[in-house]
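Residues per chain are reported as follows:
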Amino acid sequence: MDQRERVQKLCEDHAEDLRDLAIEVGAHHQWDLTLPVAVIDARSDRRRFHVTAVGTIGNVVRVSTTIDHPLMQQLFELIQTRSDQSALELMLSNAEYGEEFAGLFEIYREERSGGAPLWSASDAASFVVKSKEAFDNRELAVVALLPSDPHDVVTFGIPLHYYGIETS
């Protein structure tokens, strides 16, 4: 099942919760940081549906202090073309930045060990902007956390009219 199909299935499975939230969003007259958004955590078989305000999204999906760092981005790029272990060894053995990367990677591992979903600061900021665009387009803003290593974060909007909510 591809990512689009997984997201569609999540929306079907949580249709009632999403409809209730869409009604709440439809009652808002203007976008602000209190606007409710949905977070569907499907990283395991025990899926969770969360409603949180745009301004407190970081309480549900923690912001990583390391993911945006260029050395971590370099690691993620290397992992696309080689094994995780091989990419890690290559980064750690680099004479120029290996020591800096080792410290950074240790912080990243600590962040991940908490079990809470993570995304980068730029992902979080982009979602705030996307939630404003979704509201302006009369859509419900949603974050879906999908299983992967560590996990995939997908953001999207669902038109309010899909749930029978009049938009004007």
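Structure: above.
Heads up: these notes are all about the structure in this document. (Residues numbered from 1 in each chain as written. Predicted model: local features only at pLDDT ≥ 70, side-chain atom pairs only at ≥ 80, totals over all residues. Heavy atoms only, no water.)

1. With respect to the pairing of strand S5 (residues 139–147)
The line we're drawing: Throughout, exposure labels follow a simple rule: accessible area from a 1.4 Å probe, protein chains only, divided by the maximum for the residue type, with under 20% read as buried, over 50% as exposed, and the rest as partly exposed. The numbering of helices and of strands both runs from the N terminus, where a helix is a DSSP run of H or I of at least 4 residues and a strand a run of E of at least 2. Pairs of strands are assigned from DSSP output, requiring at least two bridges between the strands.
Of all 9 residues that make up S5, 7 are buried, and the element is covered over most of its length. Pairing of strand S1 (residues 36–41) with S5 involves 4 bridges; the strand directions are parallel. In the sheet register, Ala 38 faces S5, and the bridge partner there is Val 142.

2. What about the packing of helix H3 (residues 70–79) against helix H5 (residues 98–113)?
Note the following rule: For helices, the axis comes from a line fit to the C-alpha atoms of the stretch in contact; other axes are also lines fit to C-alpha atoms, and the angle between any two N-to-C directions lies between 0 and 180 degrees. Should an angle lie under 35 degrees it is considered roughly parallel, over 145 roughly antiparallel, and from 65 to 115 roughly perpendicular; all remaining angles are considered oblique. Contacts are assigned to residue pairs that have any heavy atoms within 4.5 Å of one another.
Contact geometry of H3 with H5 gives a least axis separation of 10 Å together with a crossing angle of 80°. Our classification of the angle between H3 and H5 gives roughly perpendicular. Residue-level inspection shows Leu 71, Met 72, Leu 75 and Phe 76 of H3 in contact with H5, the latter providing Glu 100, Phe 101, Leu 104, Phe 105 and Tyr 108.

3. Some details on the nonpolar core
Where we set the bar: For our purposes a nonpolar core is just a set of buried Ala, Val, Leu, Ile, Met, Phe, Trp, Tyr and Cys residues, chained together by side-chain atoms within 4.5 Å.
With 35 residues, the main nonpolar core has Leu 18, Leu 140, Val 142 and Phe 156 as its most contacted residues. Counting only elements with at least two residues in this core, the list comes to helix H1 (3–13), helix H2 (15–26), S1, helix H6 (121–136), S5 and strand S6 (151–159). For Phe 156, the residues in contact, after removing those within four places along its chain, are Val 7, Cys 11, Lys 130, Leu 140, Ala 141, Val 142 and Ala 144. With 14 residues, the next largest nonpolar core counts Leu 71, Leu 75, Leu 88 and Phe 105 among its residues.

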